[in-house]
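A closer look at the structure
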Protein chains: 2
Amino acid sequence: MDYYSKEINQLIEQFSRLPGIGAKSAQRLAFYIVSEPKEQVKQFADTLVSAREHVRYCKCCQTLTDREICPICSSKNRDHSTIMVVESTRDLAAYEKTGKYNGVYHVLHGAISPMLGIGPNDIRIKELLVRLESDEVKEVILATNSSLEGEATAMYLSKLIRPAGIKVTRIASGVPVGGDLEYTDEVTLARALEGRTQL
Amino acid sequence: MDYYSKEINQLIEQFSRLPGIGAKSAQRLAFYIVSEPKEQVKQFADTLVSAREHVRYCKCCQTLTDREICPICSSKNRDHSTIMVVESTRDLAAYEKTGKYNGVYHVLHGAISPMLGIGPNDIRIKELLVRLESDEVKEVILATNSSLEGEATAMYLSKLIRPAGIKVTRIASGVPVGGDLEYTDEVTLARALEGRTQL
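The paragraphs below set out a description of the structure included in this document. (Residues numbered from 1 in each chain as written. Chains lettered and ligands numbered in written order. Predicted model: local features only at pLDDT ≥ 70, side-chain atom pairs only at ≥ 80, totals over all residues. Heavy atoms only, no water.)

Observations regarding the relation of the copies chain B and chain A
Overlay of chain B on chain A (RMSD 0.2 Å): rotation 179 degrees, translation along the axis 0.0 Å. This pairing of chains is accounted for by a two-fold axis. The rotation axis passes nearest to the C-alpha of Ala45 of chain B in chain B, at a distance of 2.2 Å. The overlap is high: 100% of the interface residues of chain B also sit at the interface in chain A, so the same surface is used on both sides. (Least-squares fit on C-alpha atoms with pLDDT ≥ 70 in both. Contact = heavy atoms within 4.5 Å.)

Here you go:
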């Protein structure tokens, strides 16, 4: 690819390293960057470095934040007796957007996956157990994904936490709101039937 | 979105400014960046700034390059009497990949589009005319896109250049190789019929 300049090739290479960015997108992005005002590109570069520099894990819930203790963990308006366990900060954000949850979180940063060689010690379970010891936690809501790994992690955690006398719940699994029964897979339909509630 | 840290929000914002990157992708990219090694992020940032800093337009063909005259224009192995006119450096790269063209290029950086308010003076037509005056050009191949704008630009250029006695050609339009007639649109089919060649 010597028909592009070396600098553009390097930029294309850097972009195509990113997840979900293929060769064509990387090319498009690189050409967009070189056509942008210099100050804007400088600002983008600075934001990249500064974000990587300052973002760290909350000492309490392990979410990605720029403070020692994240805003949710340090808020007095949240119910600290309920902890929702999620796989990633993005899942936390998804629940925050609903505006329906007022407890606190614990971010595992992954799920147990024997296939990928990820065991209980590779995700932030230890940190959760420490919180359960010291805090006055009444309920742990397991909100890991509905995938094989998420389910396995939920199962593992429930077995680990229940003996301590803490209520452990799992978010409901079923047909998504607005979803068509016709297009819903069998496992989800079976799960929806199992979890039916009386009206 | 105060459930992410300020730095992550800024990074998400920066990513979502890029073309083809939606809110979800921007989020995914931002989280990927903060989980990457610091040196790698630094290198990405440096490449961004350096590419924007060093890339400029070739004084001859106007393509994006890091030299005053791009490698193609300064090559003695290329046929400088044939100029292929394309809309962007990416189109130039697409033709270079075929390995079937040995002439030189001229990059317009756009196409005439009255809808978007882009006139002949907004793209690099002046620079092309200057080349036609001074160089010993025998043929101009119009390889703008097959879109409305590309066709209009080709038409405009052909009217402009033909009086100078230079041969003006247009790349063929028709059914793509490997394409199914059944799934080809009517305009393309009609164009393929018009442009039929004797065997």
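The structure having been displayed, the exposition proceeds.
Considering the interface of chain B and chain A
By a widespread convention, an interface's size corresponds to the accessible area lost as its parts come together. Contacts between chain B and chain A engage 53 residues on the former and 53 residues on the latter. Taking both sides of the interface into account, the surface hidden between chain B and chain A amounts to around 5200 Å²; carbon and sulfur atoms contribute 68%. Taken together, chain B and chain A are joined by four salt bridges. Here Arg17 of chain B ties to Glu36 of chain A by a salt bridge, and the two come within 2.4 Å at their closest N and O atoms. (Buried area = accessible area lost by both parts, 1.4 Å probe. Salt bridge = Lys/Arg side-chain N within 4 Å of Asp/Glu carboxyl O.)

Some thoughts on the packing of aromatic side chains
Applying the stated criterion to the full structure yields five aromatic pairs over all chains. Considering the side-chain rings of Phe44 of chain A and Phe44 of chain B, the 6.5 Å spacing of their centres and the 75 degrees angle between planes classify their relative orientation as edge-to-face. Here Phe44 of chain A is found in helix α3 (residues 38–54), whereas its partner Phe44 of chain B is found in helix α3 (residues 38–54) on a different chain. Residues Tyr101 of chain A and Tyr105 of chain A carry aromatic rings whose centres are separated by 5.2 Å and whose planes lie at 65 degrees to one another, so their mutual orientation is edge-to-face. One exposure class covers both Tyr101 of chain A and Tyr105 of chain A, and it is buried. Aromatic rings pair up to connect Phe15 and Phe44 of chain A together with Phe15 and Phe44 of chain B into one cluster. The side chain of Arg124 of chain B reaches across the aromatic face of Tyr57 of chain B, ending 3.9 Å from its centre. (Phe/Tyr/Trp six-rings, centres within 6.5 Å; stacked < 30°, edge-to-face > 60°. Helix = DSSP H or I, 4+ residues; strand = E, 2+ residues; numbered from the N terminus. Buried < 20%, exposed > 50% of the residue type's maximum accessible area, 1.4 Å probe, protein only. Lys NZ or Arg CZ within 6 Å of the ring centre and 35° of its normal.)

Focus: helix α1 (residues 6–17) of chain A
With 12 residues, α1 of chain A extends 17 Å from end C-alpha to end C-alpha; this agrees with the ideal 16 Å at 1.5 Å per step. Buried positions along α1 of chain A lie against α2 (23–35) and α3 of chain A together with α3 and β2 (64–65) of chain B. (Expected span 1.5 Å × (residues − 1).)

Some remarks on the pattern of salt bridges
Inspection of the entire model under this criterion finds 17 salt bridges over all chains. Among the salt bridges present, the one from Lys38 of chain B reaches Glu53 of chain A, with a minimum N-O distance of 3.5 Å. One end of the pair, Lys38 of chain B, is in helix α3; the other, Glu53 of chain A, is in helix α3, on a second chain. Taking the relative accessible area as the measure of exposure, Lys38 of chain B reaches 37% and is therefore partly exposed. Among the charged side chains, a network of salt bridges with common partners joins Glu151, Arg170 and Arg191 of chain A.

Some words on unusual backbone geometry
The backbone of His109 of chain A shows a phi angle near 60 degrees, a positive value even though the residue is not glycine. You can call His109 of chain A partly exposed: its relative accessible area is 26%. Residue Gln62 of chain B is not a glycine yet carries a positive backbone phi of 75 degrees. As for its position among the elements, Gln62 of chain B is in the loop between β1 (56–57) and β2.

Some thoughts on the pairing of strand β3 (residues 79–86) of chain B
Residue and element names in this part refer to chain B. Of all eight residues that make up β3, six are buried, and the element is covered over most of its length. In this sheet, strand β4 (residues 103–107) lies alongside β3 in parallel orientation, the contact comprising five bridges. Considered in β4, the bridge of Met84 is made with Tyr105. In this fold, the crossover linking β3 to β4 by way of helix α5 (residues 89–98) has right-handed handedness. As defined by bridge partners, β3 adjoins strand β5 (residues 139–142) across four bridges and the pair is classed as parallel. Looking across to β5, one finds that Ile83 is bridged to Val140. (Pairing = 2+ DSSP bridges. Right-handed = clockwise from strand over helix to strand, strands pointing away.)

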